[in-house]
Amino acid sequence: MKSTLQIGNDEKFNASLFFFVIAAAQVGVGIHGFQRVVVKDAGHDAWISVILAALFSHIVVFFMIKTLELYPSNDLYGIHLDIFGKFIGSIVNIIYVLYCTFAFYSVIKNYIEVINTWVFPDLSQSFITTVLLILVIYAFTGGLRVMLGVCFFSFMTGLWILIVVYMPLKYAHYNHLLPLFGHDITSIFKGAYSMTFTIVGFEVINTLYPYAKEKNKVQKYVHLALLCTLFIYLSVILVSLVYFSEAQLERTLWATLTLFTVIKLPFIERIEIIIICFWTIIILPNLCLFAWSAYRGVKRFKNVKGTTFIWLFSILMFIANIPMQSRTQIDDINNFFAQIAFVIVFLYPILLYIMASLKNVLRKGGRKNEKG
Amino acid sequence: MKKGNILIVLLLSCILVTGCTSQEILERIGLVTLIGYDAAEEDKVTATSVIRQINPELQSKVEVQSETESTSRGTRVKVDMKTSKKLAAGQLRVILFGEDLAKNGIEDALHTTMMNNEISTSIYLAVVKGTSKSLLEYPYKDVTDVGQHIYNLMDHNIEQQHIISSTLHEIVRDNYSEVRNFALPILRKNGEFIQFDGTAFFSHGKMVGNLPAGDNFYILMMQDNFKDSTLELVLDGQSIDSSKFEEKQLQIAIDSIKTKRKIKVVNPEQNEFDLTIDMKCRLLEINSLIPTSDAKLLEKIEKAINEKVKNELSRILKYSQEVNSDIYGFGEQYRAQVRGAKLTDQKWREMFQDMKVNVDVDVEIIRNGVFE
C-alpha cells in the first residue's frame, strides 16, 4: 500500500475530540428548517423519523469505521486507490472531493439566505460570503488543530441555545403528538429520508480517522456524538410538533427560528436575531471540515500547500456564489444535495465495506498461497 | 508583514465593517407599536398606525397616522411619506381588526403578518367594536401612548386569564389547523376608556359570532386550565338552606380557582365527548348568615356551584356549535384519541355541529378565608 499517509505523532489528536468534531459537523444550517420537510412526509410522527434517521447514521458510521479499521493509517481516498486501482480510484476520489465542495457551498448558501431574510434584507450576498470565507481561511491556515479548536468552541458555546428551545413549551399542546404511529411505516421512512440534508456531516470521519491517537476509542466517541445530535434534533422536532399545528409547520420555512420569535426575555426581545448571528460560529466547523476533506482529496492528485488550496477554493466558492441568488434556486440545490448525500453518505459506505473486506480476504488468501 | 498578520487585519476589518450594515438609529426611526386594520371600499384596507418617536431632548412623541391602500405594505409607504422618520415595525406589539374587516375575514392580514420577518409571533391580536381608526384616533384624557396602553391592557389581562390569550402564534396555529378555530378578544371605546367587551368567535378566518365579557370565564375554562382566577356567582338560595335563608338569590365570590380540564372521546361513532372539569377554589364572599364552618352546608354550596357552572358551560358550548367555531380543541382531541380518524376541515365542521358533550363539573372548596 504505497498510498499510506505519513502522519507524525504531534499531528495526531485525542480520540475524545471526535465527539466535538462529529457533533459540530452535524449541526449546521439544516436544523433551521428541517421540520417542514419531515412533517410533510411523516406528519405528527416526524419525531419517529428523526430517531430512525439517527439509527441509520449509527449503522452507517459503524460500517465506515470498520472500513477504516482495515486501513489503520489511511483515509477514504487511499482506500479508494487501493480498492479500485489508480484510474477508477481517482475518479471516485474526484466525486468525493466534489461532494465535499458541494456540501460547503450548500452550507454557505443556506446561511446567507437566512441572514438575508431575517436580519439584513439589503446586505449583499457577496459581502456575507467574503466574511465567511475569510473566517474559514483563517481557521484553515491555522492547521488541523485550530479547526478542532473551532469545533470544540462551536459546540461548547452553542449549548445555551438548547435551553432557549424549551421556552416555547408554554404554548404547547401535547395532544398534537397523538395518536402514536398514526402514519404508515412508508411515510415514516420517507420522513427519515428527508432528514438526510440535516443529519449528514459525520462523513468527515472518513478523512479524519487516520489522525486519531487511540484508534480503538474513536468508535465510542463518534457514536456518543451521534447520540448527542439525536438528542438535539429530537428536542427541536418534539418542541416544534407540540408548538405548531401540522399545517402551519408545513408552511413555515424556518420553523426553529419562528419558534424563537415568541420568546421574550427581559433584556432582549428578539432572541432569534442573536441566535442567527451566533450561527456563524455553529457553521464554521462545517465549512472548515468540508474544505479540509476536499483538501485531503486534492492532495492525492497534486501536492499543493494548504494555504494555496484554501485561497483557490475560496475564490472558486465566491464566484460560484454569484449566479445563485433566489430562494427557489437554493431549494433546488438543497434537494439535489440531499439526493447525492443520501447515496454517498448512507448507501456507499456499506458497499465500500463489503468491497474492502473482500479485498482484505483475497489479499490474505494471496499471501498464504505465496507462502505455501 | 507575515501572512498570519494579514489575515488578522482582514478579520478585524470584517468585524468593523459589519457594523456598517443597515443602521437603525433609535432617534431616526419611528417605532410602530400598534396597527389597526379596517375594511375600506373596493377591497382596500385602511391601516392606522400608532408611531412612537424617540426624542433625546424632549418627551417622546406619539403620532397616529391612517392611510388606505390595497396592501398593507402600500399603506406603510404612504404613511412613510407623511412622517419625518423612517418607520420600523420591529416593536409592533398589538394588531387590531375593525369589526367589518373581521367579518369579511382576517386570513390575508394574518398571512401578511406571518410573512414579515420583522414581526414577532408573540404580539397580541384583538377585534375592535366599530372601527379601529376611531378607537385609536380619539384623544384619551389619561392615555399618552395609546399603543403602549392597549398592549399593557391586554398583557396583564391575558396574564391573569381574564381574557382569551390571543398571541399571533396561537391564532395562526389554530387558523391553519384543520380541526380547530380561534377566538379573539373584543375591545371597545367606552367614553374616556378602552375596555374589553367580550370574545369574538372565528371560523375560517371570518368572525361568526360573539359573546359578552361575562362569559369569558367559562370560555377560558373549557379552553385551558386555570392557574388562579376569580369568579362571582349567583346561586339559587332556596336549594342551599331554605330555613335560614329566605332570599331567592345567593351571591358568592370564589377565588384562587385552579381547574383541570379533560376532554375524552367516549364514543367515536356517536361523536360523543366527556368534558370533565375539576375545580379547586377558595370561598371569599358569601352572605354573613351562612355558617361556613358547616361541612354539610359547604357541600350543598359546592353542588349548587357545580350545577351553575355546568349550565353556563353547556349554554356556551351550544352557542359555539351554532356558529360552528371549535375554539376549545374538541377536534384536536378527537384526532388524537381516535386512531385513523382522518379528520378533514369539512368533516370536522359537520361533526362539531352535532357532537354530544357530557359536561361534568367537580368543585371543591378547599378553604374559606380567615373568618368563619
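Conventions adopted
- Residues numbered from 1 in each chain as written.
- Chains lettered and ligands numbered in written order.
- Predicted model: local features only at pLDDT ≥ 70, side-chain atom pairs only at ≥ 80, totals over all residues.
- Heavy atoms only, no water.
- 1 Å grid on protein atoms, 1.4 Å probe; cavity = no way out; pocket = protein on both sides within 12 Å on 5 of 7 lines; lining within 4 Å.
- Points joined across faces, edges and corners; volume = space filled by probe spheres on them.
- Helix = DSSP H or I, 4+ residues; strand = E, 2+ residues; numbered from the N terminus.
- Nonpolar A, V, L, I, M, F, W, Y, C, P; charged D, E, K, R; others polar.
- Phe/Tyr/Trp six-rings, centres within 6.5 Å; stacked < 30°, edge-to-face > 60°.
- Buried < 20%, exposed > 50% of the residue type's maximum accessible area, 1.4 Å probe, protein only.
- Lys NZ or Arg CZ within 6 Å of the ring centre and 35° of its normal.
- Axes fitted to C-alpha atoms, helices over the stretch in contact; angles between N-to-C directions.
- Parallel < 35°, antiparallel > 145°, perpendicular 65-115°, else oblique.
- Left-handed = near helix turned anticlockwise from the far one by under 90°.
- Domains from an automatic or database assignment.
- Contact = heavy atoms within 4.5 Å.
- Buried area = accessible area lost by both parts, 1.4 Å probe.
- Salt bridge = Lys/Arg side-chain N within 4 Å of Asp/Glu carboxyl O.
- Polar contact = N/O pair within 3.5 Å; in protein donor to acceptor, adjacent residues only side chain to side chain.
- Core = buried A, V, L, I, M, F, W, Y, C linked by side-chain atoms within 4.5 Å.
- Pairing = 2+ DSSP bridges.

Asks: Help me understand empty space enclosed by the protein in this model?
Replies: A probe matching the size of a water molecule, rolled over the atoms, marks out where space remains unfilled. Residues and elements named next belong to chain A. Taken as a whole and assessed by the stated rule, the structure comprises four cavities of 30 Å³ or more. If you add up the space inside the largest cavity, you get close to 230 Å³. Along its surface, the largest cavity is lined by 17 residues, and Val 27, Gly 158, Ile 232, Trp 279 and Ile 282 are the ones closest to its centre. Going through the elements one at a time, helix H1 (17-26), helix H6 (144-158), helix H7 (160-166), helix H11 (215-243), helix H13 (255-261) and helix H14 (271-301) are the ones with two or more residues in the lining of the largest cavity. For the lining of the largest cavity, a count of residues per class yields 14 nonpolar, three polar and no charged. The calculated volume of the second largest cavity comes to roughly 120 Å³.

Asks: Please explain the packing of aromatic side chains as it appears in this structure.
Replies: Describing an aromatic ring pair means giving the distance of the ring centres and the angle of the ring planes. Residues and elements named next belong to chain A. Under the criterion given, the structure shown has 41 aromatic pairs over all chains. With a centroid separation of 4.7 Å and an interplanar angle of 75°, the aromatic rings of Phe 20 and Phe 152 are classed as edge-to-face. Taken together, the residues span a long stretch of sequence, with Phe 20 in helix H1 and Phe 152 in helix H6 at a distance of 132 residues. By relative accessible area, Phe 20 is classed as buried at 16%. Since its relative accessible area comes to 28%, Phe 152 is described here as partly exposed. Aromatic pair Phe 152 and Phe 153: ring centres 5.6 Å apart, planes at 80°, arrangement edge-to-face. One aromatic cluster is present, built from ring pairs that chain together Tyr 77, Tyr 96, Tyr 99, Phe 102, Phe 197, Phe 336 and Phe 337. Across from the ring centre of Tyr 209, 6.0 Å away, lies the NZ or CZ of Lys 215, which sits over that ring.

Asks: What exactly am I supposed to notice about the packing of helix H4 (residues 76-119) of chain A against H14(A) here?
Replies: When two helices pack together, their arrangement is given by the angle between the helix axes and the distance between those axes. Residues and elements named next belong to chain A. Between H4 and H14, the shortest axis-to-axis distance is 9 Å and the interhelical angle comes to 160°. In this view, H4 runs roughly antiparallel relative to H14, as classed from their interaxial angle. Viewed along their axes, H4 and H14 form a crossing whose handedness is left-handed. Taken together, the residues that form the contact of H4 with H14 break down as 25 nonpolar, eight polar and three charged.

Asks: Looking at this model, I keep getting lost on the domain arrangement of chain B. Mind explaining?
Replies: By a widely used convention, the size of an interface equals the accessible area lost when the partners come together. Residues and elements named next belong to chain B. What the domain assignment reports for chain B is domain 1 (25-211) and domain 2 (219-367). Domain 1 puts 20 residues into the contact, and the matching count from domain 2 is 25 residues. Both faces considered, domain 1 and domain 2 share a buried interface measuring about 1900 Å² in area, 52% of it formed by carbon and sulfur atoms. When the buried area of domain 1 at its contact with domain 2 is split by residue, Gln 161, Val 179 and Arg 180 rank highest and sum to 36% of it. A salt bridge links Glu 332 to Arg 180; its shortest N-O distance comes to 3.4 Å. Viewed at the interface, domain 2 and domain 1 are joined by eleven residue pairs in polar contact (both at pLDDT 80 or more). Counting residues per element, the ones that place at least two in the side of domain 1 that touches domain 2 are strand S8 (193-203) and strand S9 (206-211). Considering only residue class, the side of domain 1 that touches domain 2 consists of nine nonpolar, nine polar and two charged.

Asks: Just checking my understanding: could you explain the interface of chain B and chain A for this structure?
Replies: Each partner contributes residues to the interface: chain B has 35 residues there, and chain A has 37 residues. For the pair chain B and chain A, the two sides together bury roughly 3100 Å², of which 57% comes from carbon and sulfur. Our enumeration of links across chain B and chain A arrives at one salt bridge. A salt bridge links A:Glu269 to B:Arg93; the nearest nitrogen and oxygen atoms lie 3.0 Å apart. Counting across the chain B and chain A interface gives 21 residue pairs in polar contact (both at pLDDT 80 or more).

Asks: How should I be thinking about the side chain of A:His80 in this particular structure?
Replies: Residues and elements named next belong to chain A. For His 80, the location among the structural elements is in helix H4. Assessed through its relative accessible area of 0%, His 80 is described here as buried. Discounting chain neighbours no more than four positions away, the residues touching His 80 are Gly 85, Gly 89, Val 92, Asn 93, Tyr 348 and Leu 352.

Asks: Explain the nonpolar core here, please?
Replies: One recurring pattern in soluble globular proteins: nonpolar side chains tend to sit buried together. By size, the foremost hydrophobic cluster in this structure holds 143 residues, and its most contacted members are A:Phe18, A:Phe104 and A:Ile205. Core analysis: the next-biggest nonpolar cluster, separate from the first, contains 54 residues, B:Leu211, B:Phe226, B:Val265 and B:Tyr334 among them.

Asks: Explain the sheet that holds strand S10 (residues 231-236) of chain B here, please?
Replies: Strand pairing in a sheet relies on backbone hydrogen bonds, with the paired strands running either antiparallel or parallel. Residues and elements named next belong to chain B. Spatially, four strands are ordered S10-S11-S12-S13 in an open sheet, and the strand pairing comes out mixed. Strands at the two margins of the open sheet, each flanked by one partner only, are S10 and strand S13 (356-367). The sheet shows a mean angle of 45° between the axes of neighbouring strands, direction not considered. In the sheet, S10 pairs with strand S11 (residues 249-267) via six bridges, with the strands oriented antiparallel. Bridge pairing links Asp 236 to Gln 249 in S11. Of the strands in this sheet, S10, S11 and strand S12 (272-285) touch helix H8 (residues 216-223), which is tilted by about 35° from S11. On the sheet, helix H10 (residues 295-323) packs against S10, S11, S12 and S13 and is oriented at approximately 145° with respect to S13.

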